[in-house]
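Residue strings, one per chain:
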Amino acid sequence: MPIATPETYAQMLDTAKANAFAFPAINVSSSQTLNAALKGFADAGSDGIIQVSTGGAEYLSGPSVKSMVTGSVAFAAYAAEVAKSYPVQIALHTDHCPKDKLDGFVRPLVEISAERVARGELPLFQSHMWDGSAVPLDENLEIARDLLARCAAAHIILEVEIGVVGGEEDGVANEINEQLYTTPEDALATIEALGNGEQGRYMAALTFGNVHGVYKPGNVKLRPEILKSAQEAVTERLGLAAGSKPFDLVFHGGSGSTAEEIGAAVDYGVVKMNVDTDTQYAFTRPVAAHMFQNYDGVLKVDGEVGNKKAYDPRAWGKAAEAGMAARVVEACENLRSAGKSVSA
């Protein structure tokens, strides 16, 4: 199917929150990882989100070019074409964008989408993330308010981060401390600044102990109940019915999370969960196996000629894509989105 329209994307998120499931948001950095993500979603019968980080976008433009905008535009164009062959809805998203990269990443992409919409076309991306975790909350929300207006005009959903995700991703590193836990006061400040949809739709990455990168279960204390407290505080402030979930929540830094932690987060309103580290390993592990098992084919050992079938990139590339696709299916199952495509 074609890439999801803004209306379809909104329907995806509404359906997920109403039915207590979430979509994996899979980071990709190449056509191979994109194809793997698409196959994984199709195999799971799940709609999904495919996203690029600042580093992934640079890499997609070519290692010597390093243009986040060029890489993002190329990624979106390729995805729009190949996604037509899969029976699920896919939304395109850009991941963490800190303040110093806004002018070289998110803002130009929003402008491109605004120009497309003015011509009667669809936006290039369905959502963008502003990562203001490194600046004071007041500044974070001030920038978010401006971006939300721009995104809304271009029919794009904005994602904001309220709190700090620990660990490191694409060179952005944060300590593991009490700042990893968003407070109800932070949630209320967000609603006061950005509204509850009347200024434009946004997703909120509230933090509850999340850490990017690799860690084992138990090494980091996740507290999903923080999400519940945030939803309750805003529900009370807005006078909504008890049990309402005003925020569309996002789960970052989920590698190593238990099924119980993931389930609780989804129950409290998470509709999107980023998956990167695990799928990177799932892609690379079959490549390592191929190289070890076929070392005398991929290498010209002792003056021999090797085996073209072994070192053809398609040989190990197919294995890598299959491994990553299987991990995407697992993510869909963990987040309960498997078999729930809005196209079904």
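In the block above lies the structure referred to throughout.
One numbering rule holds for all chains: residues counted from 1, following each sequence as written. At least 70 in pLDDT is required for a residue's local features to be given in this predicted model, at least 80 for side-chain atom pairs to be given and counted, and no such filter applies to totals for whole chains, interfaces and linings, which use all residues. Side-chain numbers come from the whole structure's heavy atoms, not from hydrogens or water.

Trainee: Lay out the environment of Ala205 in plain terms, naming residues and giving numbers.
Mentor: With respect to the secondary-structure elements, Ala205 resides in strand 8 (residues 202-206). Relative accessibility thresholds used throughout: buried, under 20% of the residue-type maximum; exposed, over 50%; partly exposed, between the two (1.4 Å probe, protein chains only). You can call Ala205 buried: its relative accessible area is 2%. C-alpha of Ala205 to C-alpha of Gly297: the two residues are 92 residues apart in sequence and 47 Å apart in space. Residues count as neighbours in contact if any of their non-hydrogen atoms are within 4.5 Å of one another. What Ala205 contacts, discounting residues up to four positions off in sequence, is Glu159, Val160, Glu161, Ile162, Val250 and His252. Here a helix means four or more residues in a row that DSSP labels H or I, a strand means two or more in a row labelled E, and each is numbered from the N terminus.

Trainee: Please give an account of the pairing of strand 5 (residues 157-162) that cites residues and values.
Mentor: When you tally the buried positions in strand 5, you get six out of six residues, the bulk of the element. Residues Ile157, Glu159 and Glu161 of strand 5 are buried on one face, and the alternating residues Leu158, Val160 and Ile162, pointing to the opposite face, are buried as well. Pairing between strands is defined by DSSP: at least two bridges between them are needed. As defined by bridge partners, strand 4 (residues 127-130) adjoins strand 5 across four bridges and the pair is classed as parallel. Looking at the pairing, His128 lines up with Leu158 of strand 5. If the strands point away from the viewer and the path from the first strand over the helix to the second runs clockwise, then the crossover is right-handed. Read as a crossover between parallel neighbours, the route from strand 4 over helix 6 (residues 137-153) to strand 5 is right-handed. When strand 5 meets strand 8, the two strands line up parallel, connected through five bridges. Following the sheet pairing, Leu158 is matched in strand 8 by Tyr202.

Trainee: Let's hear about the pairing of strand 4: which residues, and what values?
Mentor: Of the two faces of strand 4, the one holding Ser127 and Met129 and the one holding His128 and Trp130 are both buried throughout. Here strand 3 (residues 90-94) pairs with strand 4 via two bridges, running parallel. Of the residues in strand 4, the one forming a bridge with Thr94 is His128. The handedness of the strand 3 to strand 4 crossover, carried by helix 5 (residues 106-118), is right-handed.

By themselves, these figures tell us nothing about what the structure is for.
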